[in-house]
Number of protein chains: 2
Amino acid sequence: MLYLGVDLGGTNIKAALVDENGEILQETGTPTNLPRSAEAVCDDIAVLCNQLTAGRDVAGIGVGCPGTVDGGTVLYSNNLDWHNFEMCSYLKAKTNLPVVVGNDANVAALGEALVGCAKGAQSAVVVTLGTGVGGGVVLDGKILTGYTGAASELGHMVIQDMPGAPRCTCGRSGCFESLASATALIRMTKEARRTHPESVLNTLAPAEEDVTGRTAFDAAAQGDAAGREVVDTYTHYLAVGVANIINIFFPEVVGLSGGVANQGEKLLEPLRAAVEPMIFGHEFAKKHTRITTCTLGYRAGVIGAALLAKSQAD
Amino acid sequence: MLYLGVDLGGTNIKAALVDENGEILQETGTPTNLPRSAEAVCDDIAVLCNQLTAGRDVAGIGVGCPGTVDGGTVLYSNNLDWHNFEMCSYLKAKTNLPVVVGNDANVAALGEALVGCAKGAQSAVVVTLGTGVGGGVVLDGKILTGYTGAASELGHMVIQDMPGAPRCTCGRSGCFESLASATALIRMTKEARRTHPESVLNTLAPAEEDVTGRTAFDAAAQGDAAGREVVDTYTHYLAVGVANIINIFFPEVVGLSGGVANQGEKLLEPLRAAVEPMIFGHEFAKKHTRITTCTLGYRAGVIGAALLAKSQAD
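One structure accompanies this document, and this report is about it. Please read all numbers here as calculations on a predicted model, not as lab measurements.

### Remarks on the interface of chain B and chain A
Moving on, step 1. Chain B puts 43 residues into the contact, and the matching count from chain A is 42 residues.
Moving on, step 2. In this assembly, chain B packs against chain A so that about 4000 Å² is buried in total across both faces, 61% of it on carbon and sulfur atoms.
Moving on, step 3. Per-residue buried area on chain B facing chain A is highest for Y147, D161 and I248 of chain B; these three make up 19% of the total on that side.
Moving on, step 4. Where chain B touches chain A, the interface holds 2 salt bridges.
Moving on, step 5. At the junction of chain B with chain A, the criterion picks out 24 residue pairs in polar contact (both at pLDDT 80 or more).
Moving on, step 6. Going through the elements one at a time, β6 (73-77) and α8 (225-249) of chain B are the ones with two or more residues in the side of chain B that touches chain A.
Moving on, step 7. By residue number, the principal contributor to the side of chain B that touches chain A is α8 of chain B, which donates 8 residues.

Now the structure itself:
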């Protein structure tokens, strides 16, 4: 059986025809062209879906959408500026197919859990280290959505409740996101660059705006002490958040995605070493959570969305 | 149909005959009499079960056991000093009934979720504020056990990663348990009693060992500033942990149990006020987690254990 997966972002709409194993058979897309109405955006999604469906037996459509999704309704999406939009019924009317909508981060986590880095695992938590820290939790093949559809806001778990903790975009301080996002890494790198004029950080990033999420890792690789300190501090905060997630869920897999995760083993190896002693009962555990990087890249969104449609059809 | 629920503690073994609605029909118990072998303890459990079963049609036995439980095996129990004990098969052989074992905190949470404070709710997280901070997560009527059976160690979520954060029994610092357990409340009260000789705390607790989890609440009720400060600080830490739990799970209900929860609305009202602004997206949420106290008391253990047996039989 075939399914359609749609990944609706603030910049682009991506859509794919996906088989029941999560393999992409055909892909398409169009710019989101914001600002415009929810109906206009959905009309474009319907056009993409109808193109991909043409002449084929498609069982349903899954959509990953930024914001808080409850049932078929997008309660609130900051990126899209949507409020209480009944996306499912609107899109169903335009495509004559069953439609299911989920939060985009959760849907991408479902893709990684079912056919990506956690394929075959009982449970997985995906942590996205980008501008913010996003999360998705998949337990026994199902997304954890909670009572309101708003669960899995792992980035807004406070790990540093103290005066002077860095401010988060959510308004609070000391959130996992404010300490372990790529934005936090860049902030720490900029600070180290200023306080250590002798550091290679200043060669790699001659101007402050040249600093990226790679700068500190690259400096550390060259033996730079200030770069190493930034990487160690960042890794510590990431470890505290990941260890909390393990102590809470004890998932079979934690998968990291987003720009920072591209460091691969340079990040994973010290991270695993830092996490292990933080796990409650680690001395006695016979099974351990596997900490790894995600494998589907940007396609996790459309694949996960299609597999969400499949899970609803099953 | 009838089920047996067993709550195995370090001091007592409690057992009850429970109907499918979670009503207790008959109760019994015996001291655990530690230290002794796992087999000897289970022989006593079997005697209690066989007494309660006599002449009745019982579908199965559920057991709540302290420690890490995976499948039918108790991997490790610090309280009982058990290592890799195959409890299910041992007890099944002695009773000729199906047996299922779960962690005691998780099993008690199942009782509260199904027939206690969260009856009818889609999901519930129970947080026990006692010597430590225990937790149990029930999603769609099922206990969250994770890959290893060790999930829901909510007390060992670090909320204050900073130098000087209070040490936890687990060896780390800044755990939710080290800031929001009854033990933490008593520690803060003792500190305030010493630094504020003028405080009512010294009248209520003339000697340091007179301090209990109630002392600061009682002082605050009398208008004592130092007592009020302790209560406010404690409530803040509890709110940070509860808000993290809500941002992660967004359960329909958070139920508090343990000694501190006996403060009832004196604790709940300021707690709810502190938690609300900490919830991600609270400005837009239409549904809110209900924060309340547990209702089954010490019987949550045997009732939850019996309902665990029921869920396995279903």
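Still to come is the rest of the account.
### Structural notes on the sheet that holds strand β13 (residues 290-293) of chain A
Residues and elements named next belong to chain A.
Moving on, step 1. Strand order in this open sheet of 5 strands is β11-β10-β9-β12-β13, and the pairing throughout is mixed. The open sheet has two free edges, formed respectively by β11 (142-143) and β13, since each of these has just one partner strand.
Moving on, step 2. Across 5 bridges, the pairing between strand β9 (residues 123-129) and strand β12 (residues 253-257) is parallel. Bridge pairing links V125 to V254 in β12.
Moving on, step 3. Seen against the sheet, helix α3 (residues 104-115) touches β9, β10 (133-139) and β11 and runs at an angle of roughly 50° to β10.

### Focus on the sheet that holds strand β3 (residues 24-31) of chain A
All names here are of chain A.
Moving on, step 1. Judged by pairing direction, the sheet is mixed, and its 5 strands sit side by side in the order β3-β2-β1-β4-β8 without closing on themselves. Because the sheet does not close on itself, it has two edges, and the strands there are β3 and β8 (99-103). Direction aside, neighbouring strands of the sheet carry axes that sit 20° apart on average.
Moving on, step 2. Bridge count between strand β4 (residues 58-65) and β8: 5 bridges; the pairing is parallel.

### Focus on the pairing of strand β7 (residues 82-85) of chain A
All names here are of chain A.
Moving on, step 1. Of the strand pairs in this sheet, strand β6 (residues 73-77) and β7 are connected by 3 bridges, and their pairing is antiparallel. Along β7, the bridge assignment pairs S77 with W82.
Moving on, step 2. Linkage of β6 to β7, two consecutive antiparallel strands, is achieved through a turn of 4 residues, within which D81 is found at a positive phi near 60°.

### Observations regarding the pattern of salt bridges
Working definition: two side chains of opposite charge can pair if their charged atoms are close together.
Moving on, step 1. Under the criterion given, the structure shown has 16 salt bridges over all chains.
Moving on, step 2. Residues K14 of chain A and D7 of chain A are paired through a salt bridge, measuring 3.8 Å at the closest nitrogen-oxygen approach.
Moving on, step 3. Classification of D7 of chain A as buried rests on a relative accessible area of 14%.
Moving on, step 4. For D70 of chain B, the salt bridge goes to K287 of chain A, with nearest N and O atoms at 3.1 Å. Pair noted here: D70 of chain B is in strand β5 (residues 68-70) and K287 of chain A is in the loop between α9 (265-275) and β13, and the two residues belong to different chains.
Moving on, step 5. Accessibility expressed as a relative area gives 24% for D70 of chain B, which makes it partly exposed.

What counts and what doesn't
- Residues numbered from 1 in each chain as written.
- Chains lettered and ligands numbered in written order.
- Predicted model: local features only at pLDDT ≥ 70, side-chain atom pairs only at ≥ 80, totals over all residues.
- Heavy atoms only, no water.
- Contact = heavy atoms within 4.5 Å.
- Buried area = accessible area lost by both parts, 1.4 Å probe.
- Salt bridge = Lys/Arg side-chain N within 4 Å of Asp/Glu carboxyl O.
- Polar contact = N/O pair within 3.5 Å; in protein donor to acceptor, adjacent residues only side chain to side chain.
- Helix = DSSP H or I, 4+ residues; strand = E, 2+ residues; numbered from the N terminus.
- Pairing = 2+ DSSP bridges.
- Axes fitted to C-alpha atoms, helices over the stretch in contact; angles between N-to-C directions.
- Buried < 20%, exposed > 50% of the residue type's maximum accessible area, 1.4 Å probe, protein only.

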